[in-house]
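# Descriptive analysis of the structure
Here is what each chain is made of, one letter per residue.
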Amino acid sequence: MGGPAILALDFDGVLCDGIREYFESAWRTYRRLRPGTPPAPPRGLVERFARLRPLVESGWEMPVLIHALRAGASPASLARDWRPDAWLTDLGGAREPVAAELDRVREEWIGEDEAGWLASHGFYPGVIERLRGLAGGPVRVVVLTTKEGRFARMLLARQGLTLGAADVCGKEARRPKRTILLELIAGGDAARVWFVEDRLRTLQDVAREPGLAGVRLFLATWGYNTAADRAAARRDGRILPLTLARFARDFPRWIT
Ligand SMILES: [Mg+2]
């Protein structure tokens, strides 16, 4: 059939555009880490944050990115050399507590205003229809996300998509995507797994793993990546840039 047996999909930036939610949750988290910060973000911060979102791998980096921007780091220098751990230290935090605070902020937001929280996310055009078309078919769809799996599950369920318990692997799995992909292959044929991700560095990390040599890797060009990332993918023999229009089409069209 010319398609995968397992289609592994990143969530944020591949299926879901939650930039409004990311900023709002990150801002609320930042204010808890820096009490005394005024409630309203300074002008232009949302836009700068959105432009730099491709730098972020895990949620804890989002309030840290806000800190770096508020501390006066230039967006160009951050884009060139993003050092989240150094900025985290500067903020006086540590990964686990910052990540836990972000999850708490989300839980509280959902508790207070679930409709508002859901509405601050959007799915990219055609993505839900494509997943619905795969439901019940031979291709197993697995979502790999660095956010808590339950948040991704809630957003998918809202669209009428219920994946199996093992088919949404979130932060709680505590393993990098590369490791989860190895587990999905489980000694079988790696070429049967296709992986769509919007973060170039994650794809490069997967490409370095010998056990994943056969996995087809796609950079979602509609997600959180830069023109430089997309150009790098075009030069890369292993990683294929994939447009949203192609994502909506049959699998053979992804690779021709
Ligand atoms: Mg992503």
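Calculation criteria
- Residues numbered from 1 in each chain as written.
- Predicted model: local features only at pLDDT ≥ 70, side-chain atom pairs only at ≥ 80, totals over all residues.
- Helix = DSSP H or I, 4+ residues; strand = E, 2+ residues; numbered from the N terminus.
- Rg over C-alpha atoms; globule rule 2.2 N^0.38 Å.
- Buried ≥ 20, exposed ≤ 12 C-beta atoms within 10 Å, placed from the backbone.
- Contact = placed C-beta atoms within 7 Å.
- Pairing = 2+ DSSP bridges.
- Axes fitted to C-alpha atoms, helices over the stretch in contact; angles between N-to-C directions.

### Topic: the overall build of the protein chain
When its secondary structure is counted, the protein chain shows 12 helices and 8 strands. In terms of overall dimensions, the protein chain is globule-like: its C-alpha atoms have a radius of gyration of 18 Å, near the 18 Å expected for 256 residues. Burial status across the protein chain gives 35% buried among its 256 residues. Contacts in the protein chain between residues at least 24 apart in sequence constitute 65% of all its contacts with a sequence separation of at least 6.

### A word on the sheet that holds strand β1 (residues 6–10)
Pairing in this open sheet of 6 strands is parallel, and the strands run β5-β4-β1-β6-β7-β8 from one edge to the other. Two strands bound the open sheet, and with one partner strand each, they are β5 (168–169) and β8 (239–242). Bridge count for strand β4 (residues 140–144) against β5 is 2 bridges, and the pairing is parallel. Bridging from a neighbouring strand, Leu144 pairs with Cys169 of β5. Docked against the sheet, helix α10 (residues 200–207) engages β6 (193–197), β7 (216–220) and β8, running at close to 170 degrees with respect to β7.

### Describing the environment of Ala50
The residue Ala50 is located in helix α2 (residues 45–52) in this model. As for Ala50 and Phe23, which are separated by 27 residues in sequence, their C-alpha atoms are 7.8 Å apart.

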